[in-house]
Structures are given as structure tokens and as C-alpha cells.
Amino acid sequence: MNQIGVHALVWVGGWSEEECRQAIENSKTAGFDLIEIPVLDPATIDIDMTRQVLQSVGLKAGCSLGLSFETDISSADPAVVAGGDRLLHEALDVARGIGAEYLGGVIYSALGKYSHMPTPEGRANCVNVLRDLAREAAQDGITLGLETVNRYESNLLNTAAQTLELIEDINEDNVVVHLDTYHMNIEEANFRIPVMACGDRLGYVHIGESHRGYLGTGTVDFADLFNALATINYQGTITFESFSSAVVAPNLSTTLAIWRNLWSDGMDLARHARQFIDEGLQKSSRSLAEANP
Ligand code: MN
């Protein structure tokens, strides 16, 4: 059974104790197993408080972040790479401290629009930092996910094929591909081929619509995705991600270019998404069973 998660930005833009409690309780109420907590600024996360709220509500957590151009481990500048290395270790400390088993996102480059091609030196820096981080994460049973994003949000990993290649170079078992339908819709030929190419290397999936609003109201072919997930017998986490100008996180909302209000009622949105994902998974496993009686 897949764990079904929801991104914290469906509920709150910050992480005060009140926001933390609200986000975690709402996730549980809407029927999710897990909340994905953004840790772009790890120092702002109260680790003990977060762990206690998660435990009291009975919800799991994953952590995600995108690096900035000041902390870009795919840079050729050793000082910038060292800053990114430090930030990733701080994020790993948060994940470990709150009991998360997953740390992912754009942890391999800056999250933002590049004005140049990736460089071989920068890519090698990225591989080295992530290999060491993966070895440390493995000691606590934490998996690292490389979220493949569109060309305006990174210059390094825009397709599943590129991510698989980088993971091969990192060569650690606890590094997985993290696919996101919003980004796949821009960069991949369809939703099936990349999932099939990943197979066992697929470890985390973001479900997001083409405009990042209500599922089923955009151009993402979710049936294609769910059928592919059923075909590879995907057992990993599936997390709903949606953003609206109704909930703003400093930095992240502007980096992701969230300029429009696509919804105001996070609870209605989240309940709808939970049902949409359930139905998608059920339909795909039924059709797979019918095709292979
Ligand atoms: Mn995503």
C-alpha cells in the first residue's frame, strides 16, 4: 500500500507552533498518512515541537527543499558548494530529528532559472556531495529523493533519464528518483515512459495538476500515470502538491511563480485530492488485473 501524503503549503506558509499543529491536524483530518514539510530554512523548524505534534496526531512526515544559487552544490565554486553541503546536512538533521524517512526535492542544484548550461565540474561536485549525504542519511534509514523538475527550475535534472544517470553516478542504494506530474507534463513525452524507465528506482511521486490547482481540472493524464505506477507495482509515497496565492511561504511561493489564486479552501482541495488519488490507484489496479487475468 502506498503512503499518501500532502504538501504543507496546502495549509500553511510558515512553521510556527500554531501553523505546525494546524497543518498536521488538517492533513490527518483530510485522510492523509504523511505531511511533506518544506525545510528550505532548516533553522526555522522547531524539531522537538514538530516531532511531538506528529506523534500526538499520529502522522508521518517527509522533508523537502530546493537549494538557492548561494547554496548550489552543482556550482563550480567550492565556497558555494560548501554552503550547500552545510545546508543539506542541516536539513538532514531536521529530517532525522522529526522522524522523517525521506529528504528530497531540488537538493542537487539551485531551485530557479539558470542562465547557463550545467558544467562537468559542477555536476561532479553535486555527485560528491550527494554521495556523502546519502551515506550519512542511510545510517538513520533516510532516503534521498532527486526531484526531476522543469527547465525553468533547474538546468541539471529535467527528465527521468537524466536523474537515473546522476543516481547511477552517485551509486548509493538510498538515492531515488522523485517524479512530479506537473514537471513531467512540461518535459516528458508522456507519463508512462519515465515511470517504466525508473522502475525500482522510483521512490517518491508528487501528484500535481498542470496549473498546480485542483486535480483533474488541467491537462495532466493521470490515468496514464496511475497505470504506469500499477505496472511497476509502485509501493512508495505519493504526495499531493498544490499551490495558490491563498497560502504564501516567503521565498518558496515566489520561486515557484505562484502568482494566481487557484483555490482558497485547502481542506476542500485536499479532500478532493485524497479521493482523486484513491480512485486513480483503484482504477489502475483493476485494469491491470483485467489485462493479466
Ligand atoms: Mn514537486
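So, here's what we can say about the structure.

Thresholds applied
- Here, residues in each chain are numbered from 1, in the same order as that chain's written sequence.
- pLDDT decides what is reported in this predicted model: residues at 70 or higher carry local features, side-chain atom pairs at 80 or more are listed and counted, and totals for whole chains, interfaces and linings draw on all residues regardless.
- Hydrogens are left out, water is left out, and the side-chain values use all remaining heavy atoms of the structure.
- Two strands are counted as paired when DSSP detects at least two bridges linking them.
- Secondary structure is summarised from DSSP: a helix means a run of H or I of at least four residues, a strand means a run of E of at least two, and numbering begins at the N terminus for each.
- Inter-axis angles, ranging from 0 to 180 degrees, are taken between N-to-C directions of lines fitted to C-alpha atoms, where helices are fitted over the stretch in contact.
- By definition in these notes, contact holds between two residues if any of their heavy atoms fall within 4.5 Å.
- Each residue is assigned to one of three classes by its accessible area relative to the maximum for its type, calculated with a 1.4 Å probe on protein chains only: buried under 20%, partly exposed between the two thresholds, exposed over 50%.
- Along the arc lie the directions from the helix axis toward the C-beta atoms.
- In this listing, donors mean N, O and S atoms no farther than 2.8 Å from the metal, or 3.2 Å for Na, K and Ca; water is missing from the atoms, so a site can look incomplete.
- Under the pairing criterion, centres of Phe, Tyr and Trp rings, with the six-membered ring standing for Trp, must be within 6.5 Å; the plane angle then separates stacked pairs below 30 degrees from edge-to-face pairs above 60, leaving the rest tilted.
- By the criterion adopted, a ring carries a charge over it if an Arg CZ or a Lys NZ lies within 6 Å of its centre and within 35 degrees of its normal.
- Criterion for a disulfide: a pair of cysteine sulfur atoms at a distance within 2.5 Å.
- The set of buried Ala, Val, Leu, Ile, Met, Phe, Trp, Tyr and Cys residues whose side-chain atoms join them within 4.5 Å is what this entry labels a nonpolar core.
- Handedness of each helix crossing follows the sense of rotation of the near helix against the far helix: counterclockwise by less than a right angle gives left-handed, clockwise gives right-handed.
- Three categories are distinguished: nonpolar for Ala, Val, Leu, Ile, Met, Phe, Trp, Tyr, Cys and Pro, charged for Asp, Glu, Lys and Arg, and polar for the others, with Gly belonging to the last.

**Considering the sheet that holds strand E5 (residues 143–147)**
Point 1. Spatial ordering of the closed barrel is given by E1-E2-E3-E4-E5-E6-E7-E8, a layout of eight strands whose pairing is parallel. Ignoring strand direction, the axes of neighbouring strands in this sheet form an average angle of 30 degrees.
Point 2. In the sheet, strand E1 (residues 4–7) pairs with strand E8 (residues 237–240) via three bridges, with the strands oriented parallel. Looking at E8, one finds that Val6 is bridged to Phe240.
Point 3. Seen against the sheet, helix H3 (residues 78–98) touches strand E2 (34–38), strand E3 (60–67) and strand E4 (102–110) and runs at an angle of roughly 170 degrees to E3.
Point 4. Helix-sheet contacts for helix H5 (residues 160–170) involve E4, E5 and strand E6 (175–180), and the interaxial angle to E6 is about 165 degrees.

**Observations regarding helix H2 (residues 47–57)**
Point 1. Listed in full, the buried residues belonging to H2 are Met49, Thr50, Val53, Leu54 and Val57. Seen from one end, H2 has its buried residues packed into an arc of 130 degrees, which puts them on one side. For H2, the exposed residues lying more than 90 degrees away from the buried face are Gln55 and Ser56.
Point 2. Backbone geometry just after H2 places Gly58 at a positive phi near 80 degrees.

**Structural notes on the coordination of the manganese ion**
Six octahedrally arranged donors around a metal ideally form angles of 90 or 180 degrees; four tetrahedrally arranged donors ideally form angles of 109.5 degrees.
Point 1. Each protein donor to the manganese ion is listed here as Glu147 (OE), Asp180 (OD), His206 (ND1) and Glu241 (OE); together their distances run 2.0 to 2.2 Å.
Point 2. Of note, the donors binding the manganese ion are all from one chain and are spaced E-x32-D-x25-H-x34-E. Placement of Glu147 in strand E5 and of Glu241 in the loop between E8 and helix H9 (252–255) is noted, with a sequence separation of 94 residues between them.

**Focus: the packing of aromatic side chains**
Point 1. In the structure shown here, the tally under the stated rule is four aromatic pairs.
Point 2. Both rings, one in Phe69 and one in Tyr114, keep their centres 4.9 Å apart while their planes meet at 70 degrees; by these two values the pair is edge-to-face. Here the residue Phe69 occupies a position in the loop between E3 and H3, and Tyr114 occupies one in the loop between E4 and helix H4 (120–138), the gap between them amounting to 45 residues.
Point 3. You can call Tyr114 buried: its relative accessible area is 11%.
Point 4. Aromatic side chains Tyr102 and Tyr204 sit 4.0 Å apart centroid to centroid with 5 degrees between the ring planes, which places their arrangement in the stacked category. One end of the pair, Tyr102, is in strand E4; the other, Tyr204, is in strand E7 (residues 202–207), with 102 residues separating them in the sequence. In terms of burial, Tyr102 and Tyr204 fall into one category: buried.
Point 5. Taking the ring centre of Tyr182 as reference, the NZ or CZ of Arg212 above it sits at 3.8 Å.
Point 6. Its guanidinium or amino end placed over the ring of Phe32, Arg274 lies 5.9 Å from that ring's centre, counting from NZ or CZ.

**Quick notes on the environment of Arg260**
Point 1. On the secondary structure map, Arg260 appears in the loop between H9 and helix H10 (266–291).
Point 2. Separated by 189 residues in sequence, Arg260 and Thr71 place their C-alpha atoms 28 Å apart.
Point 3. Excluding residues that lie within four positions of it along the chain, Arg260 makes contacts with His211, Ser244 and Ser245.

**Focus: the environment of Val53**
Point 1. Tracing the backbone through its elements, the reader meets Val53 in helix H2.
Point 2. Sequence separation between Val53 and Arg21 is 32 residues, and the spatial gap between their C-alpha atoms is 6.4 Å.
Point 3. Dropping the residues within four chain positions of it, Val53 is found in contact with Cys20, Arg21 and Ile24.

**Describing the state of the cysteines**
Point 1. Applying the stated criterion to the full structure yields zero disulfides.
Point 2. Residue Cys126 stays outside any disulfide, its sulfur separated by 16 Å from that of Cys198, the closest cysteine.
Point 3. The exposure class of Cys126 is buried, given its relative accessible area of 0%.

**Description of the nonpolar core**
Point 1. Counting 92 residues, the largest nonpolar core has Trp15, Ile35, Tyr108, Leu130, Leu146 and Leu202 as its most contacted members.
Point 2. Per-element accounting of this core gives the leading share, eight residues, to H3.

**What to know about the packing of H2 against H3**
Point 1. As a packed pair, H2 and H3 sit with axes 8 Å apart at the nearest point and diverge in direction by 35 degrees. The crossing of H2 and H3 is right-handed. The residues of H3 that touch H2, namely those facing Ile47, Thr50, Arg51 and Leu54, are Asp93, Val94, Gly97 and Ile98.
Point 2. By residue class, the composition of the contact of H2 with H3 is four nonpolar, two polar and two charged.

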